[in-house]
Amino acid sequence: MDINIFRRKKKIVVSVLTEKKVKETPVRCQSCGNLIKYEDLKENLKVCPYCGYHFRMTISERINLIADSGTFSEIDTEIKTVDMLDFKDLLTYKERIKQTKKETGLDCAVITGKAKIGGFNTAVGVFAFEFIGGSLGSATGEKLTRLIEYAKKRKLPLIIVFSSGGERIQEGIYSLMQVAKTIQAVDSFKKSGGLFIPILTNPSYCGTAAIAMTGSIIIAEKGSSIGISGPRITKEVAKQNIPDKLKQAESLLQNGFLDIVVDRYLLKATIIQFLKHYNRRAI
Amino acid sequence: MKYLLPFEKSLKPLYKELEEKKKNWETTNNIEEKIQQELKKIYNNLTAYQIAQIARHPDRPNTTDYINALFEDFIELHGDKKSGDDPSIIAGMGSFKGTTVAVIGSRKGNTLKDMILCNHGMIKPEGFRKIARIVNLASTTFKSPIITFIDTPGAFVSKESEKKGQIEAVSEPILALFKAKVPIAAVIIGEGISLGALSMSIADKIIMLKYSFFSVISPEGGASILYNDRKKSEELASSLKFTAANLFNAGIVDKIVNEPIGGAHRNKEKVIKATGDAINNELETLLKENEKQLKTNRIEKYKKIGIYAD
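Model, not experiment: these values are computed from the prediction.

We now examine the interface of chain A and chain B. The partner chain B presents 53 residues to the 57 residues of chain A that form the contact. Contact between chain A and chain B buries roughly 5000 Å² in total, counting both sides, with carbon and sulfur atoms accounting for 71%. On the chain A side of the contact with chain B, Ile169, Met177 and Ile228 of chain A bury the most area, a combined 14% of that side's loss. One can count four salt bridges joining chain A with chain B. Measuring nitrogen to oxygen at the nearest pair gives 3.8 Å for the salt bridge that ties Lys247 of chain A to Glu162 of chain B. Where chain A touches chain B, the interface holds 11 residue pairs in polar contact (both at pLDDT 80 or more).

Put into structure tokens, the structure is as follows:
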């Protein structure tokens, strides 16, 4: 029995805070429990001013954070998610796509394009956690593959920000195959001398994390949860209790699977450093 | 019959009768026919979840059975030469109808002790790295075709495996198989779930047994994510479209090996032989092709997978 009844139980929150969802009510930090005004939180790059907990960012916030302002231009906008299996869980998949599109304005869980970062031309992909958990579907996989080929053709450094729950269950086997497809594309990009910097944010699970782990330099945001399975599957499958700490970026760094763990404030500066070194390389 | 599946309950009295008759030295033709009829009734209208249950049947022929029956002079290789050896992956060199081949498969174990040792077929990081090592060995040194047998509930989720970099390890066999300049045939013999199965399924030809399945997630796991209720796994199973027939129509699987009514566990020899023939057929055509062409074809094949609007 849990004796410490006063300790707040940690809830698994799976949503991204937006203006629409939090109007004037202050936001409670999931880590320290302090109340924060939403404006203050946004001002602070959605990092809790009390404890440094990194809240999830929306896709547009993320692009603004990483790309130089006004330099991002999207490619492959015509690729859209479709329901190929007539899938139905609590909602039909068709309905779910429609609803998500209405809420977020997105057609797919990833936005790809080119942008300048610190003045350097790059190919950028950003996952949208707000689009069905940022899961990897057929459209997502295709967009990623095309982005990687785009970067390979133009010899651009490739930067992908991951925030995804894994493969999209609603697309069945097709979504699983996207993992193989993308990993292969990354490999041929790397072989051609390309620099691939994946940025793992909270959360990165299963297939998408596997793709990220093939990066040339792997960066993770502080406190991100990274692992082979999300909390529910872990509970379902693992017979032993796996501490949350083991899935945090910091312990992955300790175990030797990440290059750097950074604060959100320093994320862009860190990327620029690598881009500088890459641009200065002796050819 | 040692173990009856939940949907085969109606057979229980028949099997009991059969046993009693056998004890008393009476003729059993009549009752055997009855059993066959009942089986036919059940097996002609199987739901997706029932197929998953057959695929997980403890008596179903497993990788070890296939290796023992189909390969001569099989010798097992151990370890990933980095951190350890994972018994849930059986890999080695063998001779298939006269040609040397590399065999890789997931092992579930026959006895309880083996099952625990093999983690019920859940693959650890060492296992993934072992697959990659054997694939590279076959591709560079032996120049021999690779045959994989898939029967796994997925990657192992545990403290140790997370520590050893499970998430990094899964991509290694995928890349190794893409790079291999030899023919590859993957055979799905039971359950194939998520990244564990994907890591062995990158192949020129995928062969699948009729009552096996290949899915992005286990129906139980998927139900607990989507419905927050494990009991909905039956509903989810039919939505996932993971049976051999579904995947053949989707173009993921190239060949289905037929199973007798009652499943592979009711006629092991026949199914193993049919599987061997199917592998032989595929390998014969693959061996005629150019090595480099094989590799590019394989990459192209996977690049095309996916349905989206554009």
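The next subject is unusual backbone geometry. Residue and element names in this part refer to chain A. Here the bond from Asn202 into Pro203 is cis, since omega is -10 degrees, no more than 30 degrees from zero. Position of Pro203 among the secondary structure elements: in strand S7 (residues 196–205). The backbone phi angle of Leu45 is positive, close to 55 degrees, even though this residue is not glycine. Inspection of the secondary structure puts Leu45 in the loop between helix H1 (38–43) and helix H2 (59–66). The class of Leu45 is partly exposed, set by a relative accessible area of 27%.

As a further point, take the domain arrangement of chain A. Residues and elements named next belong to chain A. Here chain A is described as being made up of domain 1 (1–55) and domain 2 (58–279). Taken over C-alpha atoms, the centre of domain 1 sits 24 Å from the centre of domain 2. Taken together, the contact between domain 1 and domain 2 spans 16 residues of the former and 13 residues of the latter. Viewed at the interface, domain 2 and domain 1 are joined by one salt bridge. Here Glu61 makes a salt bridge to Lys46, at a shortest N to O gap of 2.9 Å.

Residues and elements named next belong to chain B. In terms of domains, chain B is made up of domain 1 (10–45) and domain 2 (49–304). Distance between the C-alpha centres of domain 1 and domain 2: 34 Å. On the side of domain 2, eight residues touch domain 1, which itself brings seven residues to the contact. Note on domain 1 versus domain 2: buried area summed over both sides is about 570 Å², and carbon and sulfur give 58% of it.

Moving on, we get to the environment of Gly105 of chain B. For Gly105 of chain B, the location among the structural elements is in strand S3 (residues 99–106). If we ignore the near neighbours within four places in the chain, the residues touching Gly105 of chain B are Thr63, Ser88, Ile89, Ile90, Phe149 and Met200 of chain B.

A separate point is the packing of aromatic side chains. Under the defined criterion, the tally for this structure stands at nine aromatic pairs over all chains. Geometrically, the ring pair formed by Tyr53 of chain A and Phe55 of chain A is edge-to-face, given 5.3 Å between the ring centres and 85 degrees between the ring planes. By relative accessible area, which is 22% here, Tyr53 of chain A ends up partly exposed. Ring geometry for Phe71 of chain B versus Phe149 of chain B: centroids 6.1 Å apart, planes at 80 degrees, classification edge-to-face. Taken together, the positions of Phe71 of chain B in the loop between helix H4 (63–70) and strand S1 (72–77) and Phe149 of chain B in strand S4 (residues 146–152) put the pair 78 residues apart, joining distant regions of the chain. By the burial criterion, Phe71 of chain B is buried, and Phe149 of chain B matches it. By the ring-pair criterion, three or more aromatic residues cluster together here, those being Tyr66, Phe71, Phe96 and Phe149 of chain B. One Lys or Arg, Arg56 of chain A, reaches over the ring of Phe129 of chain A and ends 4.3 Å from the middle of that ring. Between the NZ or CZ atom of Arg281 of chain A and the centre of the ring of Tyr278 of chain A, over which it lies, the distance is 3.9 Å.

How each quantity is defined
Residues numbered from 1 in each chain as written. Chains lettered and ligands numbered in written order. Predicted model: local features only at pLDDT ≥ 70, side-chain atom pairs only at ≥ 80, totals over all residues. Heavy atoms only, no water. Contact = heavy atoms within 4.5 Å. Buried area = accessible area lost by both parts, 1.4 Å probe. Salt bridge = Lys/Arg side-chain N within 4 Å of Asp/Glu carboxyl O. Polar contact = N/O pair within 3.5 Å; in protein donor to acceptor, adjacent residues only side chain to side chain. Helix = DSSP H or I, 4+ residues; strand = E, 2+ residues; numbered from the N terminus. Buried < 20%, exposed > 50% of the residue type's maximum accessible area, 1.4 Å probe, protein only. Domains from an automatic or database assignment. Phe/Tyr/Trp six-rings, centres within 6.5 Å; stacked < 30°, edge-to-face > 60°. Lys NZ or Arg CZ within 6 Å of the ring centre and 35° of its normal.

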